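Results of the structural survey
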Amino acid sequence: MNARMDPSMTERGLHRVLPGTGLALLLSLVFAVLGSRSLVVGMGAFGLVTALAFWSGQSPWGWFRSLRYVLFFALFLFLAQVLSIQSGRAVFRIWRTVTTGGLHAGATMALRFLTILSSSFLYVTTTDPDRLANTLIRWGIPYRYGYTFILALRFVPFFRKELRTVREAQQLRGMRVSVRSPRRLLRALEFVFVPVLVSGLVRVDTIAMSMKGRAFGLHPRRTLPPKQAMTREDVAIWCCVIGRLAITLLARRIGWT
Amino acid sequence: MSKAPQLSMNGLSVRFSGRTSDALRDLTTCIEPGSTTAITGPSGCGKTTLLRTLAGFIPSMIHAEVSGEVRVDERSFAALDLSALSQRVGLVQQDPDAQVCTLRVRSEVGFGPENLCLPYHEVTTRISESMAAVGIEHLAGRDTTTLSGGEKQRLAVASILAMGPEVILLDEPTAHLDPAGAMDLFVLLRKLQERSGCSLVIAEHRLTPIESLNPSLWVLDRGALVSRDEDRTHADARTLAQPRSADRLVAAHPTQDIIRVQRLGFGYRERLFDGLTLDIEPGTILGVIGPNGTGKTTFLRLLAGLEKPEAGEIHKPPTSRTGMVFQHPHQQLFERTVRRDLEIEGPLEAQALKDLLASARLDGLGDAPPYLLSLGEQRRLTVLSTLRQHPQLLLLDEPFIGQDRGNVSWIVSQILEAKNRGAAVCLVTHDIPMASALCDRILYLEDEPLIGTPEGVFQKLRLRGQRAFTPEYWEQP
């Protein structure tokens, strides 16, 4: 998946909402698909995430390209469920009978997977990590942990670049990485991951010195920027999230699920 | 900023665990308030260790036995917490990319002041002033991973400035900068010192650019301070590493062996090459120079076949072997021992291995893990293993970064050997005097690329006013 969206799009859609609002929306969608086996809810949730991605500046091609591995794995989950669950009415037969129960379970599982992964991806790509860390610190999480999250994100592009460079260096030395046997697979992993790991460890040391050398951990608290005011988008999203929660609770109360 | 403190060392020695010799030996000297000190010496002489000790990282973060004393004014380092010391002494580390902690330029500059728990308005003032001091206000909202090498170096300086230190330590600050960027950095440091009165301590292999700061000179060798200020003309680690003019002789080669770049077009976000055409003849060295971010490494990647041209073609002889020495040596060391790394291209007899290691001054390191070698040793090993492939096209990406005179001379000798064997060599470097002395042709990359003999290209650069890219700028104090 691409880690970021086009920087020119950062003033649109979910980019404008507060990290807490985005998190509430993400959790609301996740609980909606986990709490219901309805295909309508699953498709609605994934459709909503896709619409939010377009509203936030993602192009349709960019969005589906970013999710291509997720879509592939969702298809795999769907097929695994379809072929393993035999309850319900038989619909047709390939080498196993495909049933309505299998189709429903497969579609539910795939939609849950798609919604959870795509909404998490959308949240990470539309939320400024510094603002998120500050929000977490305001909520009482010690700032050392808040910055662990930022550092983890900082290392994603680094590892991607290192991995590519190491593989290119091997290519130029005529080293063919074979995975045909467990022994060769282990060697291949050693050839690729050891150099990347060494680079990573060296960099961790340097960053730790850089942080400590700028008084990280000197005080139990650190300066936080003033709280940002809610935008219209924030208010609208909170209304939807609270409304959905109220409807769910009411529906359970009257026994309609 | 208050008056800069005096930093003094009294009998300072440092020994890393597991080592039998001291990394620093019995240093007794001091850094006067508001002064500039240049520290030089061969690779592994203790420059970085000294700076890390002065910044307080040794022994509090890097375990080592430290004897003697370091004092800031009259207070011993032992009585100061590292984080508290950071408000008085700041270290800009060697690799600017590796010391960035956050994802936005503004938050990176504000990281230190925020840790000091300063009022928010003071944090914003320090951010604005530090960014203005190094000229990166326009980058405030940028993602730190998208900055060029020069921009990252300025960011690293700005983030230390925001801490308001009285002593700024810089570890090879120009290593990743193009010549113009290096020149700008020293102009910036001079202005900063004039304005704030801070002390500067700069570890560098090349002293010529620092001369404008009129520094005191310390020469370290094997951890000891061997000279101060005398012998300045010979202290520059690069000046003696020039090739002989006889090496410029070019033998004739069949035309089918020539590598032809025709109407090359390529770019990532921005177009880097548009219709670039040139030939690289066997037995010649092409030097590739130019500002940061103009596509020097990309040009090598295209020649190596790691990128495909978007337009035009690169014709290489069908049986041509390509060897590439990457900028960071650890990226091309894969095996558990030096011997096994050299044997990737095929087994070596015991005597042949011994001779090969001796030729690169790696004697007795055959069974050593490559990752535990020093940077200079790693560099020699990667050059050696690349040349073991007998490449007809040898590509080198900044092979002289962080290397002392001895290593530079050895790398130059290997390049000349490959050239004399008939290899086409393409060398990316910011070392302009070296490019001038070593290369048969120069490719200067910018909006309007220049290609020609070194004399011709440097003459055109003089006319364009690009003084920092001419050899005389780096040769005259």
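Criteria and cut-off values
- Residues numbered from 1 in each chain as written.
- Chains lettered and ligands numbered in written order.
- Predicted model: local features only at pLDDT ≥ 70, side-chain atom pairs only at ≥ 80, totals over all residues.
- Buried ≥ 20, exposed ≤ 12 C-beta atoms within 10 Å, placed from the backbone.
- Helix = DSSP H or I, 4+ residues; strand = E, 2+ residues; numbered from the N terminus.
- Pairing = 2+ DSSP bridges.
- Right-handed = clockwise from strand over helix to strand, strands pointing away.
- Axes fitted to C-alpha atoms, helices over the stretch in contact; angles between N-to-C directions.
- Parallel < 35°, antiparallel > 145°, perpendicular 65-115°, else oblique.
- Left-handed = near helix turned anticlockwise from the far one by under 90°.
- Contact = placed C-beta atoms within 7 Å.
- Nonpolar A, V, L, I, M, F, W, Y, C, P; charged D, E, K, R; others polar.
- Domains from an automatic or database assignment.
- Expected span 1.5 Å × (residues − 1).
- Arc of directions from axis to C-beta.

1. Description of the pairing of strand E16 (residues 393-397) of chain B
Residue and element names in this part refer to chain B. Counted residue by residue, E16 has five buried out of five residues, so it is predominantly covered. Across the two faces of E16 the burial is the same, with Leu393, Leu395 and Asp397 and Leu394 and Leu396 all buried. Examined bridge by bridge, strand E15 (residues 322-325) and E16 share four bridges and lie parallel to one another. Note that in E16 the partner of Val325 across the bridge is Leu396. For E16 and strand E17 (residues 424-428), the ladder comprises five bridges, and the chain directions are parallel. Residue pairing for E17: Leu396 is matched across the bridge by Leu427. After leaving E16, the chain enters helix H12 (residues 405-420) and then returns to the sheet as E17, a path that is right-handed.

2. Here we look at the packing of helix H5 (residues 120-134) of chain B against helix H6 (residues 149-161) of chain B
Residue and element names in this part refer to chain B. It is at 9 Å that the axes of H5 and H6 come closest, and there the two elements cross at 140°. Regarding the angle of H5 to H6, the classification is oblique. Where H5 crosses over H6, the handedness of that crossing is right-handed. Within the contact between the two elements, H5 uses Ser130, Met131, Ala133 and Val134 and H6 uses Arg154, Val157, Ala158 and Leu161.

3. Some points on the interface of chain B and chain A
Each side of the interface is counted separately: chain B has 46 residues, and chain A has 39 residues. Elements represented by at least two residues in the side of chain B that touches chain A include exactly helix H3 (82-85), strand E6 (89-92), helix H4 (105-115), H5 and E15 of chain B. Broken down by element, the residue count for the side of chain B that touches chain A peaks at six residues, all from H4(B). Taken together, the residues that form the side of chain B that touches chain A break down as 25 nonpolar, 18 polar and three charged.

4. Looking at the sheet that holds strand E18 (residues 441-444) of chain B
Residue and element names in this part refer to chain B. Taken in spatial order, the six strands make up an open sheet running E15-E16-E17-E13-E18-E19, and their pairing is mixed. If you trace the sheet from one side to the other, it starts and ends with E15 and strand E19 (450-452), each paired once. The sheet shows a mean angle of 15° between the axes of neighbouring strands, direction not considered. Each of strand E13 (285-289), E15, E16 and E17 touches helix H8 (residues 296-304); the most contacted strand, E16, lies at about 155° to it.

5. Thoughts on the pairing of E18(B)
Residues and elements named next belong to chain B. Taking every second residue as pointing to the same face, both faces of E18 are buried, with Arg441 and Leu443 on one and Ile442 and Tyr444 on the other. Pairing of E13 with E18, which is carried by four bridges, proceeds in the parallel orientation. By the bridge assignment, Ile289 is partnered in E18 with Tyr444. Both E18 and E19 contribute to a ladder of three bridges, which runs antiparallel.

6. Some points on the domain arrangement of chain B
All names here are of chain B. Domain annotation for chain B reports domain 1 (7-234) and domain 2 (245-321 + 390-475). Relative to domain 2, the C-alpha centre of domain 1 lies at a distance of 33 Å. Across the boundary between the two partners, domain 1 contributes 15 residues, which contact 16 residues of domain 2. Contributions of two or more residues to the side of domain 1 that touches domain 2 are made by H6 and helix H7 (179-196). Broken down by element, the side of domain 1 that touches domain 2 gets its largest block of residues, four residues, from H7.

7. A few points about helix H2 (residues 39-55) of chain A
Three- or four-residue spacings in an α-helix give side chains the same orientation, since the helix completes a turn every 3.6 residues. All names here are of chain A. With 17 residues, H2 extends 24 Å between its outermost C-alpha atoms, agreeing within 8% with the 24 Å of an ideal straight helix rising 1.5 Å per residue. Three or more residues of H2 are buried, namely Gly42, Ala45, Phe46, Val49, Thr50, Leu52 and Ala53. The buried side chains of H2 occupy one side of the element, clustering within an arc of 160° when seen end-on. Opposite the buried face of H2, by more than 90 degrees, sit the exposed residues Val40, Gly47 and Ala51. Looking one or two residues past H2, Gly57 carries a phi angle of roughly 105°, positive in sign.

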